[in-house]
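One-letter residues, chain by chain:
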Amino acid sequence: MKIFCIIIGILAVNGVYGEIPKCKYEDEACFITAAHHVLENHPGGLPEVNLLAIDPFPLKTFNLQRNPSSPVNVELKLTDATMDGLKGLKFSTFKAFAADLSGRNSITATLPSLIIKGKYTLDGNVLVLPIKGNGNAEIKFINLKVSYSFDLKKVVKDGQTFVAVEHVKMQLEPENVQFQFDGLFDGDASLQKTTNDFINSNWKEIYQELQTGITKPISLVIKAYINKFLEHKPYADHFQ
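None of the values given here were measured: they were computed from a predicted structure. (Residues numbered from 1 in each chain as written. Predicted model: local features only at pLDDT ≥ 70, side-chain atom pairs only at ≥ 80, totals over all residues. Heavy atoms only, no water.)

Novice: Explain the packing of aromatic side chains here, please?
Specialist: Think of a pair of aromatic rings as described by two things: how far the centres are apart, and how the planes are tilted against each other in angle. Counted by the stated rule, this structure contains 13 aromatic pairs. Centroid distance F31 to F97: 5.7 Å. Interplanar angle 85 degrees. Geometry classified as edge-to-face. Remark: F97 occurs in the loop between strand 3 (90–95) and strand 4 (105–126) and F31 occurs in helix 2 (residues 28–41); sequence separation between them is 66 residues. Centre to centre, the rings of F141 and Y207 are 5.9 Å apart; their planes meet at 75 degrees, and the pair counts as edge-to-face. Of the two residues, F141 sits in strand 5 (residues 129–157) while Y207 sits in helix 4 (residues 203–230), which places them 66 residues apart along the sequence. Through successive ring pairs, a cluster of aromatic residues spans Y25, F31, F91, F94, F97, Y148, F150, Y235 and F239. Seen from the ring of F162, K157 lies directly overhead, with NZ or CZ sitting 4.2 Å from the centre. (Phe/Tyr/Trp six-rings, centres within 6.5 Å; stacked < 30°, edge-to-face > 60°. Helix = DSSP H or I, 4+ residues; strand = E, 2+ residues; numbered from the N terminus. Lys NZ or Arg CZ within 6 Å of the ring centre and 35° of its normal.)

Now the structure itself:
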């Protein structure tokens, strides 16, 4: 999931906490330092600014649609879904938040582990293997390189300038992805183990086919989450 880097960044530049000073526009070093402080000290969120828990981060629902032209042609739905591990983000670059809103904003980070959990229903074909089931699911990304980019759009309300995030793009580059689907084939233990082993042995090809379907809905959830927060006050008030 940089899945979440922009949320942390916006909180950091705001000086939400008394012990964290506001940053100046485009102050990359300040953004990184403040963002790490937020992750380390406030993973449970900040109700006073309508920020939900950072870790675990609520996804609620997560859907992958069938793609008949893909060798991984599945319909996967997760409910009560969460992402765990975001407090382990380590920011590498934080080029964002110009005073005039110009330019593409971009953030990169690394993450040792990210786990998506939820209740699933699954039906379709993975490579040559038919697959069907429902139950508990876990998708674990190991040693991720994360990037998130976005534009800022001016929003005028009551004569004041606010901003909103738009045109988001996210990439996740893992060293490994491990899948665990309980309840496959009506709970047949032998088929369940064989299928999970097959999926994990072919994780790279499977993830390549599913990457856009995984990253796009997560990026849009993050976008909505951030934009709700950005309604809190005018853009200039977030900075020194």
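Novice: In this structure, what is going on with the nonpolar core? I would like to understand it.
Specialist: Note on soluble globular proteins: their nonpolar side chains tend to be buried together. In this structure, F91, F94, F97, F141, F150, F181 and I218 are the most contacted members of the largest nonpolar core, which totals 65 residues. Here the element with the most residues in this core is helix 4; it accounts for 10 residues. (Core = buried A, V, L, I, M, F, W, Y, C linked by side-chain atoms within 4.5 Å. Buried < 20%, exposed > 50% of the residue type's maximum accessible area, 1.4 Å probe, protein only.)

Novice: How should the environment of F62 be read in this particular structure?
Specialist: Looking at the secondary structure, you find F62 in strand 1 (residues 57–64). Along the sequence, F62 and K77 sit 15 residues apart, while their C-alpha atoms lie 5.7 Å from each other. Non-local contacts of F62, meaning those with residues more than four positions away in its chain, are made with L76, K77, L78, G213, I214, P217 and I218. (Contact = heavy atoms within 4.5 Å.)

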